[in-house]
Amino acid sequence: MALPPIATATIQSTVLAAISNFLAQFFRSYRLDIRIYIDWVPVVQFVILALITTPPNFLWQEYLELTYPAREPASKPTSKGEKKTTKPTNSPGDTPLNIRNTIIKTVLDQTVGLAVNTILFALFVNGLAAAMTPLQSETELLNLRLAGRSLNYLLSGRAIDYSRVDFKVVLAQSAADFWPIMTSGWSFWPFVSLINFAFVKSVTHRNLVGGLAGVAWGMYMSGFVDR
């Protein structure tokens, strides 16, 4: 039994989010010439973020396509005496690309869509960072860059304590992060959106293309998690 498209998209995005953070850690270790060691906190963080944000993003993309279709419905040939009907088409060659709708979708995606994703990312990252408990033992301090961030520590029940979070501080830090992330995103994501809306015919495939592009973007955004 095939999974619903939204479930398939969520699984794809979750796997790609994990891959992007693994790659970010690998290249960071290589660049700094230090031992490669998986820091599971940002990996899990990116996975959870993908699980949370992919379904609404998928529905957002469906809404954009239904409201501003890439191509007008193709005319269905009829026999003599029958009324002329139309049917939606998924074939890029059937009808010309609607330039106006493509531009509108790109603008909305890179303003409303990107703003919501940026807010969610900043709140999630800063909230989790504030909830991380201080490190205690020498074992945890053995590797200063990754101290206390092993999978065992993450699952120990003492790694995260949201009662420590000062939400005013989290909101302030998220507000400070908002425009840097947004402006950085505008140097990358508009091109991805434009390619998706112009050349990729289904929302499911657009999500996959976006996820593949997100591998590169996730490597960049790992810097915000690893501060």
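These numbers were taken from a predicted model, which means no experiment stands behind them.

What counts, and where the lines are drawn
- Residues numbered from 1 in each chain as written.
- Predicted model: local features only at pLDDT ≥ 70, side-chain atom pairs only at ≥ 80, totals over all residues.
- Heavy atoms only, no water.
- Helix = DSSP H or I, 4+ residues; strand = E, 2+ residues; numbered from the N terminus.
- Buried < 20%, exposed > 50% of the residue type's maximum accessible area, 1.4 Å probe, protein only.
- Contact = heavy atoms within 4.5 Å.
- Patch = residues over 30% accessible without salt bridge, like charges linked within 9 Å, V, L, I, M, F, W, Y side chains within 5 Å.
- Areas by Shrake-Rupley, 256 points an atom, 1.4 Å probe, with all protein chains shown as cover.
- Salt bridge = Lys/Arg side-chain N within 4 Å of Asp/Glu carboxyl O.
- Core = buried A, V, L, I, M, F, W, Y, C linked by side-chain atoms within 4.5 Å.
- UniProt positions renumbered as here; feature names shortened; annotations may be inferred.
- Polar contact = N/O pair within 3.5 Å; in protein donor to acceptor, adjacent residues only side chain to side chain.

J.: Even after reading the chapter, I still don't get the environment of Val209, so can you show me in this structure?
T.: Tracing the backbone through its elements, the reader meets Val209 in helix α7 (residues 203-225). The class for Val209 is partly exposed, based on a relative accessible area of 30%. For Val209 and Ile195, which are 14 residues apart along the polypeptide, the C-alpha to C-alpha distance reads 9.3 Å. Filtering out sequence-adjacent residues up to four positions away, Val209 remains in contact with Asn196 and Val200.

J.: Help me understand a nonpolar patch on the surface, please; the structure alone is not making it clear to me.
T.: Together, Leu3, Ile11, Val15, Ile19, Leu23, Phe26, Phe27, Tyr30 and Ile36 give the surface a local cluster of nonpolar side chains, amounting to about 860 Å² of exposed area. Turning to its location among the elements, Leu3 is positioned in the segment before α1 (5-32).

J.: Even after reading the chapter, I still don't get the nonpolar core, so can you show me in this structure?
T.: Soluble globular proteins tend to bury their nonpolar side chains together. One finds Phe46, Phe121, Met182, Trp189 and Met221 to be the most contacted residues of the largest nonpolar core, which totals 16 residues. Secondary structure elements with two or more residues in this core: α2 (40-67), α3 (99-131), α5 (167-185), α6 (189-199) and α7. Among the elements that take part in this core, α3 stands out by supplying four residues, more than any other.

J.: Would you explain the side chain of Thr14 in this entry?
T.: With respect to the secondary-structure elements, Thr14 resides in helix α1. Owing to a relative accessible area of 13%, Thr14 belongs among the buried residues under this scheme.

J.: Any chance you could explain the pattern of salt bridges here in plain terms?
T.: Opposite charge on two side chains lets them pair, provided their charged atoms get close. Enumeration over the complete set of coordinates arrives at two salt bridges. The salt bridge involving Lys105 is made with Glu65; its shortest N-O contact spans 2.6 Å. Taken as a pair, Lys105 in helix α3 and Glu65 in helix α2 lie far apart in primary sequence, 40 residues in all. In this structure, Lys105 and Glu65 share a single accessibility class: buried. Taking the shortest distance from any N to any O, the salt bridge between Glu65 and Arg206 comes out at 2.6 Å. A residue pair is termed long-range when its members are at least 10 positions apart, and Glu65 in helix α2 and Arg206 in helix α7 qualify at 141 residues. The exposure class of Glu65 is buried, given its relative accessible area of 18%. Several salt bridges share partner residues, and in doing so they unite Glu65, Lys105 and Arg206 into one network.

J.: Sorry, what's going on with the UniProt feature "transmembrane region" (unreviewed entry) in the protein chain here?
T.: Under the local residue numbering, the UniProt record ascribes the feature "transmembrane region" (unreviewed entry) to residues 6-24 and 114-135. The span residues 6-24 is 100% helical and 0% strand by assignment, and the distance between its end C-alpha atoms comes to 27 Å.

J.: Quick question: what am I supposed to make of the side chain of Asn98 here?
T.: If you trace the backbone, Asn98 turns up in the loop between β2 (85-87) and α3. Those residues in contact with Asn98 that lie beyond four places of it in its chain are Pro69, Ala70 and Glu72.

J.: I'm lost on the environment of Gln110 in this one. Help?
T.: Mapped onto the elements of the fold, Gln110 is located in helix α3. Exposure remark for Gln110: the relative accessible area of 7% places this residue in the buried category. Along the sequence, Gln110 and Trp186 sit 76 residues apart, while their C-alpha atoms lie 7.3 Å from each other. Filtering out sequence-adjacent residues up to four positions away, Gln110 remains in contact with Met182, Trp186, Trp189, Pro190 and Ser193. A distance of 2.7 Å separates a polar atom in the side chain of Gln110 from a polar atom in the side chain of Ser193.

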